[in-house]
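An overview of the molecular structure
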Amino acid sequence: LLSSLWLEGLRIVEVPLAQLTHLPTIFSILRDQPGKFIVFVDDLAFNDSCPEYTALKTVLEGGLEARPANVVVYATSNRRNIVRQRFSERQDDVNERDTLEEKFSLADRFDLRLTFSAPTQEEYFTICRALLDARSVKYDWETLMPRARAWTVSHNGCSPRIARQFVDYIAGGEA
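Below, the structure is looked at part by part. (Residues numbered from 1 in each chain as written. Predicted model: local features only at pLDDT ≥ 70, side-chain atom pairs only at ≥ 80, totals over all residues. Heavy atoms only, no water.)

This paragraph deals with the sheet that holds strand β2 (residues 36-41). Hydrogen bonds between backbone atoms are what pair the strands of a sheet, whose relative direction is either parallel or antiparallel. Strand order in the open sheet formed by three strands is β1-β2-β3, with parallel pairing between adjacent strands. Edge positions in the sheet fall to β1 (10-14) and β3 (71-75), since each of these pairs with one other strand and no more. Between one strand and the next, the sheet's axes are offset by a mean angle of 25 degrees, whatever the strand orientation. Its contacts with the sheet place helix α2 (residues 23-31) against β1, β2 and β3, and it is angled at close to 160 degrees to β2. (Pairing = 2+ DSSP bridges. Helix = DSSP H or I, 4+ residues; strand = E, 2+ residues; numbered from the N terminus. Axes fitted to C-alpha atoms, helices over the stretch in contact; angles between N-to-C directions. Contact = heavy atoms within 4.5 Å.)

In structure tokens, the structure reads:
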């Protein structure tokens, strides 16, 4: 996507989790630049006492200075709620509902959420075949399918990541 929209002015800036406190500075720099920017944060997850948590909440929605019109924030996370919760917090906090709403408030600041559930075994096989074809690996699926199935058992289930690892293994010379 980035390379196809490069000529139209789309740029991407990856910001590591540890650098999220610098977002206001990054936004002020990008505000005056031509084009449109995706600020990308990979594998977003933290607890609510991190300064990065507060910084991200503020720049997404809620600070005195609005996010620049030419900037969007994309983030990936392996956690559904981004901020870790503990049962002990629910027992220790006098205002339990306030605590929960505070924790969900960061995730609510992202306009669109895409959730990828685990593929079925047939979908996993389809992903494997598509990856094999994309890498131009010669294979006989009837012979390879039992190995692809066995791979899911020894590698924690069906997922696109597991399919890629299987194809990497096969393409690495095991076919």
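From this point, the narrative continues.
Let us look at the state of the cysteines. Evaluation of the coordinates by the stated rule reveals zero disulfides. Summary of cysteine pairing: C128 is not part of a disulfide, and the nearest cysteine sulfur, belonging to C158, is at 8.2 Å. By relative accessible area, which is 0% here, C128 ends up buried. (Disulfide = S-S within 2.5 Å. Buried < 20%, exposed > 50% of the residue type's maximum accessible area, 1.4 Å probe, protein only.)

This model, assessed by the stated rule, comprises five aromatic pairs. A ring pair is formed by Y124 and F125, whose centres lie 5.8 Å apart and whose planes are at 50 degrees; its orientation type is tilted. Each member of the pair, Y124 as well as F125, is classed as buried. Taken together, the ring pairs connect Y124, F125, Y139 and W141 into an aromatic cluster. Above the ring of W6, the side-chain terminus of R11 is found at 3.3 Å from the ring centroid. Across the ring face of W141, the terminal group of R129 is positioned such that the distance to the ring centre comes to 5.2 Å. (Phe/Tyr/Trp six-rings, centres within 6.5 Å; stacked < 30°, edge-to-face > 60°. Lys NZ or Arg CZ within 6 Å of the ring centre and 35° of its normal.)

With that out of the way, let us pick up the pairing of β1. Sheet topology note: the β1/β2 ladder contains five bridges and is parallel. Note that in β2 the partner of I12 across the bridge is I38. Each parallel crossover has a hand, and for β1 linked through α2 to β2 it is right-handed. (Right-handed = clockwise from strand over helix to strand, strands pointing away.)

Any link to function would need more than the numbers given here.
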